[in-house]
Amino acid sequence: MGGHRRRAALAHPHRTLIATFIAWKSLLLAISIGACIGAAYDTSGSLVVLGVDADSARDSNRHASEPSSLVGTLLTRFASWDAVYFVSAAHRGYLFEQEWAFGSGLPMTIRSIIKAVIHFGLLSDAPPDGQALESLVGILVVNTAHLFSVIILYRLGLLLWRHKPQGSVIALVAALLHVVSPAGLFLSAPYAESSCALLSFLGYLLYAHGCLASPSIKGDGYRIMAGLAFGLATAFRSNGILNGIPFAWEVIQLFLPRLVNALTSIGRERDREVLSTVSAVRRFLALIVGGVAVAAGSLVPQAVAYQRFCASPPSSAEETPVPRPPWCDALVPSIYTYVQGHYWDNGFLRYWTLSNVPLFLLAAPMLAVMAKSGVHYLVSARTETAPRRLKETDGKPPNGGPEPGRLVELVRGAAAAQFLLAVMVLANSHVQIITRISSGYPLWHFWLADKFVSGDPWGKRAVMFMIMYASIQGVLFTSFLPPA
């Protein structure tokens, strides 16, 4: 970034972000339109969006279900892959067991918006034959969430790195990197990634404000609001539950040592420690409430599924009894865990086959970025700010380090969550999904931005990979070709 361009971008950062966002989305749209020239490998999106009966489609030629307009074609192509499940769940709720692998946050949001539009008389309440409306609303929701997540990531960077040289530049570049995320069209199609990223970044921003407002009731309130945001993120994507790690991390690193000091102090020191302990207990309760809110994003849908499949008897004697699903009697009855293993073959090292080697190679760059940046912040936070770890400070780091003392544990917790995600995906999941679900974790954006700004070859190569991969993926996604 040249000197003049850098000054102009920093002078109007939000204008820069919005302009870049529009330009990038326009490029992806152009790529998608170009990919629509040929017939899609799979037409399930057309069947769902247009409301075509599957039996009728089989009896007709393979192109009979293709829409005639460009807009209709884009709606059906964007409703490919797993987007079919989100759009269908928004239209008629969860019907089949395997659909519970997909978070309810996006379908509920789409359905709520459509109901609101109908309520205010802006749309007829006559249900359309297909699900084009759900697909269109989903696309609007996802792209809006992506734009706001870019802006919130920038605000988070300004807060975390405000004492770091070129901190504002790093914050801006990190937000620009989120625009051109390797998630690509997954942040434009009806998928949950962008909404999860928005709520996760918002949660971290609220948590950071809570750290800087400590010790106070206001700081505890920020932590609770952060937990609510993380809980909503988890309702969109299950990996959002890892955002609960900062809550547990702060309890272990800050509360327990302070409690021990209070219980073991004597004399006049005890009076001071009692007052400190009151503040610590209040913060502990705020962390517990926040952590429970995060967990609720996963537990509530699980409880609803258990009630539906395991606890609800037939409504009448004439109904045919439904076989009890095997997961109902598991030690931890989780429909999500069962569905992921039974229908998608996720599990420990199940994906480690010779045929999947190309997918591991494809995922390797983002796995490396996630792991390397996670370790970096775990280590650097300790070496730069460890002397202030167990006490409140004025918020200024020693020697111009990147994290104010009050934010150390938050950065460490976020780094641990990010590193754990990389390990879990590598060992248990379809490894290529790391290119899209990594979009919901902020620290690697800042680490890569720092590398890029400093001229490190690592940063430039990673950014080049992101742009190239997202562009190529746009063609593959719209044509319903792997990987996804």
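Everything quoted here is computed from the prediction, not taken from an experiment.

1. So, the packing of helix α7 (residues 105-119) against helix α8 (residues 132-160)
Between two packed helices, the angle of one axis relative to the other and the distance separating the axes together describe the packing. With their axes 9 Å apart at the nearest point, α7 and α8 run at an angle of 110° to one another. One element, α7, and the other, α8, form an angle in the roughly perpendicular class. Listed contacts from α8 to L106, T109, I110, I113 and I114 of α7 are L133, E134, V137, G138, V141 and V142. Residues of the contact of α7 with α8, tallied by class, amount to eight nonpolar, two polar and one charged.

2. Quick word on the nonpolar core
Core analysis: the largest hydrophobic core is formed by 118 residues, its most contacted members being I434 and F446. If we ignore the near neighbours within four places in the chain, the residues touching I434 are A363, M366, L367, M370, L421 and V425.

3. Observations concerning the state of the cysteines
Counted under the stated rule, the structure contains one disulfide. Each sulfur of the disulfide joining C310 and C328 lies 1.8 Å from the other. Across the S-S bond linking C310 and C328, the dihedral sits near -75°, which makes this disulfide left-handed. Taken together, the residues span a long stretch of sequence, with C310 in helix α13 (residues 268-311) and C328 in the loop between α13 and α14 (335-342) at a distance of 18 residues. With respect to class, C310 is no different from C328; both count as buried.

4. Regarding the confidence of the model for the chain
Mean pLDDT over the chain: 84, with 80% of residues reaching 70 or higher. Segment residues 54-64 is flagged for pLDDT under 50; beyond a separation of four residues in sequence, or across chains, it makes six contacts in the model. In the model, residues 383-403 has pLDDT below 50 throughout and makes 51 contacts with residues more than four positions away in sequence or in other chains.

Cut-offs used in this document
Residues numbered from 1 in each chain as written. Predicted model: local features only at pLDDT ≥ 70, side-chain atom pairs only at ≥ 80, totals over all residues. Heavy atoms only, no water. Axes fitted to C-alpha atoms, helices over the stretch in contact; angles between N-to-C directions. Helix = DSSP H or I, 4+ residues; strand = E, 2+ residues; numbered from the N terminus. Parallel < 35°, antiparallel > 145°, perpendicular 65-115°, else oblique. Contact = heavy atoms within 4.5 Å. Nonpolar A, V, L, I, M, F, W, Y, C, P; charged D, E, K, R; others polar. Core = buried A, V, L, I, M, F, W, Y, C linked by side-chain atoms within 4.5 Å. Buried < 20%, exposed > 50% of the residue type's maximum accessible area, 1.4 Å probe, protein only. Disulfide = S-S within 2.5 Å. pLDDT = per-residue confidence, 0-100.

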